[in-house]
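# Structural description and commentary
So you can see what is in the structure, the chains are spelled out below.
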Amino acid sequence: NTLFRDNPERALVSFYGMLAQGMTRNTFVGGEGASLYPVDVNGRFFYCPPNSAANAHFLSMLRNILVQDWDMDDDGKPETLRLGFATSKRWLTKGRNIVVKNAPTAFGNVSYQIVPDLQAGTVKCHYEPPPRKPERCLLRIRVPDAWKIASATALGQKLEVDESGTVDVSGFSEPADIHFNIARR
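I will try to describe carefully the structure that is included in this document. (Residues numbered from 1 in each chain as written. Predicted model: local features only at pLDDT ≥ 70, side-chain atom pairs only at ≥ 80, totals over all residues. Heavy atoms only, no water.)

### Topic: the overall build of the protein
- The number of helices and strands found in the protein is two helices and 12 strands.
- Traced from its N-terminal end to its C-terminal end, the protein shows the element sequence α-β-β-α-β-β-β-β-β-β-β-β-β-β.
- Sequence separation of at least 24 residues holds for 55% of the intrachain contacts in the protein that already meet a minimum separation of 6. (Helix = DSSP H or I, 4+ residues; strand = E, 2+ residues; numbered from the N terminus. Contact = heavy atoms within 4.5 Å.)

In structure tokens, the structure reads:
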């Protein structure tokens, strides 16, 4: 699984490829199979629509782009929550926000909202943790390629930011506003 292995670019290619080739335009209905060439006289590129498994696959991919709850130690119980790990960097361009409200996870519902202001050099995130605290909870801010996350603060303390724009929010048990400072690459 590309998302489990933290390969967001490959996951996004799969996600957008499925939208472009494997689903009907503007209605997002999938079929049992897809082809690069029409499979019938009507010019359809897939057959046996609608297919609920194909439609559900789209939704599970979108969910895992935004929210991932994983069993990273392979003991049969999820202990890690990863937020925003595979969002498209273009999703945070001028005038766009990412909003996730009450997303179900193994730890209970989680919410977060990411609001960029690239001209001011900031990205703000309002985070509402799930009711059951995961062992590890990570939040990633994927800014456009011309930018990088320089630092982050929350609740009056500085947060450690890795090269991919990820901060550890495992210690947060109450809603928090996280402020990211960004800089040009």
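Structure's up, so let's keep going.
### Some details on the nonpolar core
- Formed by 44 residues in total, the largest nonpolar core has its most connected members in Val67, Leu83, Tyr112, Leu139, Ile141, Ile178 and Phe180.
- Setting aside residues up to four positions removed in sequence, isoleucine 178 forms contacts with Val123, Lys124, Cys125, Tyr127, Leu139, Thr153, Ala154, Leu159, Val169 and Phe172. (Core = buried A, V, L, I, M, F, W, Y, C linked by side-chain atoms within 4.5 Å. Buried < 20%, exposed > 50% of the residue type's maximum accessible area, 1.4 Å probe, protein only.)

### Re the pattern of salt bridges
- Considering all chains together, one arrives at four salt bridges under this definition.
- Salt-bridge contacts for glutamate 9 lead to arginine 142; the nearest nitrogen and oxygen are separated by 2.4 Å. Taken as a pair, glutamate 9 in helix 1 (residues 8-21) and arginine 142 in the loop between strand 8 (136-140) and strand 9 (147-154) lie far apart in primary sequence, 133 residues in all. (Salt bridge = Lys/Arg side-chain N within 4 Å of Asp/Glu carboxyl O.)

### As for the layout of surface pockets
- Its boundaries defined by the atoms lining it, the largest pocket holds a volume of some 230 Å³.
- Residue lining of the largest pocket: 16 residues in total, with Ile149, Glu163, Ser164, Gly165 and Arg185 positioned closest to the centre.
- Broken down by class, the residue content of the lining of the largest pocket amounts to seven nonpolar, two polar and seven charged.
- A volume near 200 Å³ is recorded for the second largest pocket. (1 Å grid on protein atoms, 1.4 Å probe; cavity = no way out; pocket = protein on both sides within 12 Å on 5 of 7 lines; lining within 4 Å. Points joined across faces, edges and corners; volume = space filled by probe spheres on them. Nonpolar A, V, L, I, M, F, W, Y, C, P; charged D, E, K, R; others polar.)

### Structural notes on the sheet that holds strand 3 (residues 67-70)
- Spatially, 3-4-8-11 is the arrangement adopted by the four strands of the open sheet, whose pairing is mixed. Every other strand in the sheet has two partners, leaving strand 3 and strand 11 (166-168) as the edge strands with one partner each. Taking the axes of each pair of neighbouring strands and ignoring which way they run, one obtains an average angle of 20 degrees across the sheet.
- By the bridge criterion, four bridges tie strand 4 (residues 80-83) to strand 8 in an arrangement that is parallel. (Pairing = 2+ DSSP bridges. Axes fitted to C-alpha atoms, helices over the stretch in contact; angles between N-to-C directions.)

### Remarks on the environment of proline 130
- Examined against the element boundaries, proline 130 turns out to sit in the loop between strand 7 (122-128) and strand 8.
- A relative accessible area of 7% means that proline 130 is categorised as buried.
- On a C-alpha basis, the gap between proline 130 and phenylalanine 172 in space is 9.7 Å, while along the polypeptide they are 42 residues apart.
- Excluding residues within four positions of it along the chain, proline 130 makes contact with Leu81, Thr105, Phe107, Gly108, Asn109 and Val110.

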